[in-house]
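Here's the letter readout for the chains.
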Amino acid sequence: MRPPRKENKAKPANKRAVARLAAVQALYQMDVTGSGARDIVKEFEIFRLKQDLDGEELRAIDMNWFDGIVSGVVANQRDIDGAIDEALKSGWPLRRIDLTLRALLRAGTFELMYREDVPMRVIVSEYVEVAKAFFGEDEPRLTNGVLDSIARKVRPEAIGG
């Protein structure tokens, strides 16, 4: 997995934003290793999301949010992948998408479909920011377009139509 890009000088992340970034990394790792959600979540809790790592303090994370995204994507992956495939351009099925971007789209789609307590615009904006942490301009635009398309289908009342 690509390390997050260093030149992005965004505002300090909130606990949920950190959880979203970690969830994308966990989902990526699951794709690469074939590990299950429980194992990956436990590994992240024990080894990757410590508050102090080699003398460096990490940002606080909402562990429940992190766990909820990872387990939610796994539990609903068929519906999530179907929604993403519908939103992608013809000829570009989800299986052809970069693994990091695939994990990101799955996490964002999960929140759009199953976390109605979070405003649609917050979800799209947060995942575009996660995309910016890993990629240049194209992938954040793709993330915005795909998640916006999914939001229009699953939350038409939030769009106004």
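Being a predicted model, the structure only gives us computed values, none of them experimental. (Residues numbered from 1 in each chain as written. Predicted model: local features only at pLDDT ≥ 70, side-chain atom pairs only at ≥ 80, totals over all residues. Heavy atoms only, no water.)

Things to note about helix 1 (residues 15–33)
Condition: Counting from the N terminus, the helices are DSSP H or I runs at least four residues long and the strands are E runs at least two residues long. In this scheme, a helix's expected span is set at 1.5 Å multiplied by one less than its residue total. Burial classes: relative accessible area under 20% of the type maximum marks a residue as buried, over 50% as exposed, and values in between as partly exposed (1.4 Å probe, protein chains only). Counting of polar contacts relies on pairs of N or O atoms within 3.5 Å, with two restrictions inside protein: one atom must be capable of donating a hydrogen and the other of accepting it, and residues adjacent in sequence are counted only when both atoms are side-chain atoms.
Under the 1.5 Å per step criterion, the end-to-end length of helix 1 is 26 Å for 19 residues, consistent within 8% with the ideal 27 Å. Here helix 1 has its buried residues at A17, V18, A19, R20, A22, A23, V24, A26, L27, Y28, Q29 and M30. Looking at where helix 1 begins, the residue whose side-chain oxygen comes 3.0 Å from the main-chain nitrogen of R16 is N14. Phi for G34, located one or two positions after helix 1, is positive at around 80°.

Considerations on the nonpolar core
Soluble globular proteins tend to bury their nonpolar side chains together. Our working definition: Joining through side-chain atoms within 4.5 Å is the link that ties buried Ala, Val, Leu, Ile, Met, Phe, Trp, Tyr and Cys residues into a set, and such a set is a nonpolar core. Here, residues are in contact when the closest pair of their heavy atoms is within 4.5 Å.
Among the nonpolar cores identified, the biggest contains 47 residues, and V24, F66, I69, V70, I84, L112 and Y127 are the most heavily contacted of them. Where this core is concerned, the elements lending two or more residues are helix 1, helix 2 (37–48), helix 3 (63–75), helix 4 (77–87), helix 5 (99–114), helix 6 (120–134) and helix 7 (138–154). Ignoring any residue separated from it by four or fewer positions in sequence, one finds Y127 in contact with R20, V24, I69, L104, A107, G108, E111, T143 and L147.

Overview of helix 3
Between the first and last C-alpha of helix 3 there are 18 Å, a value that for 13 residues agrees with the 18 Å anticipated at 1.5 Å per step. Capping the start of helix 3, D62 holds a side-chain oxygen 3.2 Å from the backbone nitrogen of N64, two or three residues further along.

What to know about the packing of helix 1 against helix 6
Operational definition: Angles here are taken between N-to-C directions and fall from 0 to 180 degrees, while the axes themselves are lines fitted to C-alpha atoms, restricted in helices to the stretch in contact. When an angle is under 35 degrees it counts as roughly parallel; over 145 it counts as roughly antiparallel; between 65 and 115 it counts as roughly perpendicular; any other value is oblique. For any helix crossing, the convention is left-handed if the near helix is rotated counterclockwise from the far helix by under a right angle, and right-handed if that rotation is clockwise.
Relative to each other, helix 1 and helix 6 sit at 55°, their axes nearing to 10 Å. In terms of axis orientation, helix 1 runs oblique to helix 6. The chirality of how helix 1 crosses helix 6 is right-handed. Counted together, A17, R20, L21, V24 and Q25 of helix 1 and E126, Y127, V130 and F134 of helix 6 form the full contact between these two elements.

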